[in-house]
Amino acid sequence: MELLFVTLGGAILGIAAHFALPYRQMRGVALVPSIGAAVAAVVWVGLTWLGWAWDGGWIWVVALVAAAVASAAAAYLIGPGRQKADAALFERLSRPGVNRA
């Protein structure tokens, strides 16, 4: 049950990162929250395998901070990369007859 709650918390932090950070129009609305949920779940399971108590406070802090950092990093990296790739594709497609690989 706690895994469900920490995954939901990671998704909520991902939603916050999606709407708080720039380049929102360059990524899907579910991408960053999905990354936050996945990171929170993986960190939580990894820490429980290492013997951290599921009812302790630190496992929650570490899992949710990792989800927030991963969500923010993904939002910052995906947006500009997508914008650059879209501009390059537009440039390539707007010149018919020129073969650019």
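A.B. asks: Just to check I follow, could you spell out the side chain of S71 for this structure?
C.D. replies: Its place among the elements puts S71 in helix α3 (residues 57–93). Apart from the residues lying within four places of it in its own chain, the contact partners of S71 are G14, A17, V32 and G36.

A.B. asks: Help me understand α3 in this model?
C.D. replies: Owing to its 3.6 residues per turn, the α-helix brings residues three or four apart onto one side. Taking 1.5 Å of rise per residue, the 37 residues of α3 would be expected to cover 54 Å, and the 53 Å separating its terminal C-alpha atoms lies within 8% of that figure. Three or more residues of α3 are buried, namely I59, A63, A67, S71, A74, A75 and G79. For α3, the elements touching its buried residues are α1 (2–20) and α2 (31–49).

A.B. asks: What is the right way to look at the confidence of the model for the protein in this model?
C.D. replies: It should be kept in mind that the predicted coordinates are not to be read in detail where pLDDT is low. Residues at a pLDDT of 70 or more form 96% of the protein, whose mean pLDDT is 92. Taken element by element, the protein is modelled with least confidence in α3, mean pLDDT 93, and with most confidence in α2, mean pLDDT 97.

A.B. asks: Is there a simple way to think about the pattern of salt bridges in this case?
C.D. replies: Pairs can form between side chains of opposite charge whenever their charged atoms are close. Here the structure, examined in full by the defined rule, presents two salt bridges. The shortest N-O distance in the salt bridge between D86 and R82 comes to 3.3 Å. Of this pair, D86 and R82 both sit in helix α3, four residues apart, which is roughly one turn of that helix. In this structure, R95 and E91 form a salt bridge, with 2.6 Å as the shortest nitrogen-oxygen distance. On the basis of relative accessibility, which here comes to 40%, the residue R95 falls in the partly exposed class.

A.B. asks: Sorry if this is basic, but what is going on with the packing of α1 against α3 here?
C.D. replies: For any two helices packed against each other, one specifies the inter-axial angle together with the distance between the axes. The contact between α1 and α3 brings their axes to 9 Å, and the two run at 30 degrees. Taken as a pair, α1 and α3 cross one another with a handedness that is right-handed. Here E2, F5, V6, G9, G10, L13, G14 and A17 of α1 come into contact with α3, specifically with W60, A63, L64, A67, A68, S71, A72 and A75. Its residues placed into classes, the contact of α1 with α3 shows 11 nonpolar, four polar and one charged.

Procedures and definitions
- Residue indices follow the written sequence of each chain, beginning from 1 at its first position.
- Note on the predicted model: pLDDT of at least 70 is required for a residue's local features to be given, and 80 or more for side-chain atom pairs to be given and counted; whole-chain, interface and lining totals, by contrast, use all residues.
- Hydrogens and water are ignored here; the side-chain numbers use all heavy atoms of the structure.
- A run of H or I in DSSP counts as a helix once it spans at least four residues, and a run of E counts as a strand once it spans at least two, with each numbered from the N terminus.
- The contact criterion used throughout is that any non-hydrogen atoms of two residues lie within 4.5 Å.
- Residue count minus one, scaled by 1.5 Å, sets the expected span of a helix.
- Using a 1.4 Å probe on the protein chains alone, a residue whose accessible area is under 20% of its type maximum counts as buried, one over 50% counts as exposed, and one in between counts as partly exposed.
- Per residue, pLDDT captures the predictor's confidence, and it can take any value from 0 to 100.
- For this analysis, a salt bridge means a side-chain nitrogen from Lys or Arg found within 4 Å of a carboxyl oxygen belonging to Asp or Glu.
- Between the N-to-C directions of two axes lies an angle of 0 to 180 degrees, each axis being a line fitted to C-alpha atoms and, for a helix, fitted only over the stretch in contact.
- Take the far helix as your reference; a near helix turned counterclockwise from it by less than a right angle gives a left-handed crossing, and one turned clockwise gives a right-handed crossing.
- Side-chain classes are defined by residue name, with Ala, Val, Leu, Ile, Met, Phe, Trp, Tyr, Cys and Pro counting as nonpolar, Asp, Glu, Lys and Arg as charged, and the others, Gly among them, as polar.

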